[in-house]
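Reading the structure
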Amino acid sequence: MKVLLLGSGGRESAMAAALQRSPAVTELVAAPGNPGIGRTAEVCSIDVADPAAVVSLAERCRPALVVVGPEAPLVAGVSDALRANGYPVFGPDKEAARIEGSKSFAKELMECSEIPTARGRSFNEVSLAVAHMDALGPPYVVKADGLAAGKGVLVTQDRAEAVMGIEERLVGGRFGDAGRTVVIEEFLDGEEVSVIAFSDGRTVVPCPPAQDYKRALDGDKGLNTGGMGSYSPVPSCSDELAAAITDEVIEAMVAALAARGTPFIGAIYAGLALTTEGPRVIEFNARFGDPETQALLPRIESDFAELCLASATGQLEGMKLHCRSDVCVAVVVASEGYPGPHKTGLVIEGIEEAESVAGVEVFHSGTRLSEGMLRTDGGRVLAVSALGQDFSQARARAYQAVSCVHFEGALGRTDIALRAELKERGRA
Ligand code: AMP
Ligand code: GLY
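For clarity, every value in this text was computed on a predicted model and none was experimentally measured.

1. Comments concerning the site of ligand 1
Not every one of the 15 residues close to ligand 1 is listed here, only the nearest: Glu185, Leu188, Glu192, Lys214 and Glu283. Glu185 is positioned such that a nitrogen or oxygen atom in its side chain is 2.7 Å from a nitrogen atom of ligand 1. Considered on its own, ligand 1 offers 470 Å² of accessible surface; in the complex 93% of this is hidden by protein. When grouped by side-chain class, the residues that make up the shell around ligand 1 number 7 nonpolar, 1 polar and 7 charged.

Written out as structure tokens, the structure reads:
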């Protein structure tokens, strides 16, 4: 079958590789794709958040399946438009994608379905938001309501900084319309885990848990980013706990959306904190995680394209996801300055050498080809993923490969999956 994949990041690079491994996929078209994806797929440069442009591309290439990677097209109604034109789509309609697009909507549904989450309230007025924040006490959690590429959240002990965060969002226009409403939440203390499942609207098939590193610097210091690395599975999330999360969080949300008449078809993502009182949802996303996908898909033995197609056509019942026993570690190589301002256009070298390390795949995120050279084109440039029989081997391979990659100012965290490796060695 011919598959159209939408998106251009590291997640889509990993999805493209997983689709290409499927014997069912005879042709892959990616829009807009990136130079990494372009090595094995046809790439078309269109605005994937424009439903009309995507439908017109689909009319030209007639895919048997469209797989949507990022949130922007989902929230813009691209899946709705494709379905209206008869294409099977892996990615929810606009209405179901609101679980990601509006934090207050997600909170309401969680409350109705008794899905455990941080208590939170939405505000449009600074004084009311500050009063609620003071009632909860530190650490303070201030969120922009809408989409802000993972950067709309402020978690701080410092009251003055929290008040400024509220003002910046509500009055200062930081994060634009996404910040016109703020959500003030109780602080959740505990290790984080991401559970992502395929959903056909009724049935879900979960992937193993993964863990993402949101902060820019080692030791979870620095600013929140789109994600600096990931690993899977997660030793602190037992099979029983993962099964409970699937039942009580993922299936509960899929059932709630189905009951509203807005079934969720695609990858449903719950980000949770494992608190002493049990798992609590931090956020829902309407898609695979980035960079979790770069550590999940290399482990999946089942046919990824078949799972996406079964989700898109309501046929997940009875399907199972098979994983290899190898673990996977994905390290993001980012531009100097990220998540703040950073240079682009810097020449990247050493990817082939990195990929010659056993078990390693290098996924492009922010890259472009210009003047015949591969160059940086964003904050997160590459994700270096390594499989290994345990975390010690997978980390060693990942970091050996990272050391082969060069561009001016390249940086990354050095402690991705360290927690898992220490646990594995019985030290944590
Ligand atoms: P979000 O965009 O909602 O995923 O938030 C980004 C990051 O901020 C999360 O991955 C957490 O590390 C942190 N965070 C968000 N909400 C909370 C909370 N209620 N308690 C503690 N940390 C939080
Ligand atoms: N890794 C977090 C996200 O994809 O939102």
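Structure shown, so let's carry the discussion forward.
2. What to know about the site of ligand 2
Around ligand 2, a shell composed of Asp212, Lys214, Gly226, Tyr269, Asn285, Arg287, Gly289, Asp290, Pro291 and Glu292 is seen. Separating an oxygen atom of ligand 2 from a side-chain N or O atom of Arg287 is a distance of 2.8 Å. A distance of 2.7 Å separates a nitrogen atom of ligand 2 from a polar atom in the side chain of Glu292. Here ligand 2 has 200 Å² of accessible area as a free molecule, and 91% of this is covered by the chains. Residues that form the shell around ligand 2 fall into these classes: 2 nonpolar, 3 polar and 5 charged.

3. Here's the deal with the packing of aromatic side chains
In the structure shown here, the tally under the stated rule is 7 aromatic pairs. Ring geometry for Phe90 against Phe288: centres 6.4 Å apart, planes inclined by 35°, an arrangement best described as tilted. Placement of the pair is Phe90 in strand E5 (residues 89–90) and Phe288 in the loop between strand E17 (278–285) and helix H10 (292–296), with a sequence separation of 198 residues. Residue class for Phe90 comes out buried when judged on its relative accessible area of 1%. Assessed through its relative accessible area of 1%, Phe288 is described here as buried. Of the aromatic side chains, those joined through ring pairs into one cluster are Phe90, Phe198, Phe288 and Phe304. Its end group placed over the ring of Phe105, Arg98 keeps NZ or CZ at 4.1 Å from the ring centre.

Here is what the cut-offs are and how they apply
Residues numbered from 1 in each chain as written. Chains lettered and ligands numbered in written order. Predicted model: local features only at pLDDT ≥ 70, side-chain atom pairs only at ≥ 80, totals over all residues. Heavy atoms only, no water. Near = heavy atom within 4 Å. Polar contact = N/O pair within 3.5 Å; in protein donor to acceptor, adjacent residues only side chain to side chain. Areas by Shrake-Rupley, 256 points an atom, 1.4 Å probe, with all protein chains shown as cover. Nonpolar A, V, L, I, M, F, W, Y, C, P; charged D, E, K, R; others polar. Phe/Tyr/Trp six-rings, centres within 6.5 Å; stacked < 30°, edge-to-face > 60°. Helix = DSSP H or I, 4+ residues; strand = E, 2+ residues; numbered from the N terminus. Buried < 20%, exposed > 50% of the residue type's maximum accessible area, 1.4 Å probe, protein only. Lys NZ or Arg CZ within 6 Å of the ring centre and 35° of its normal.

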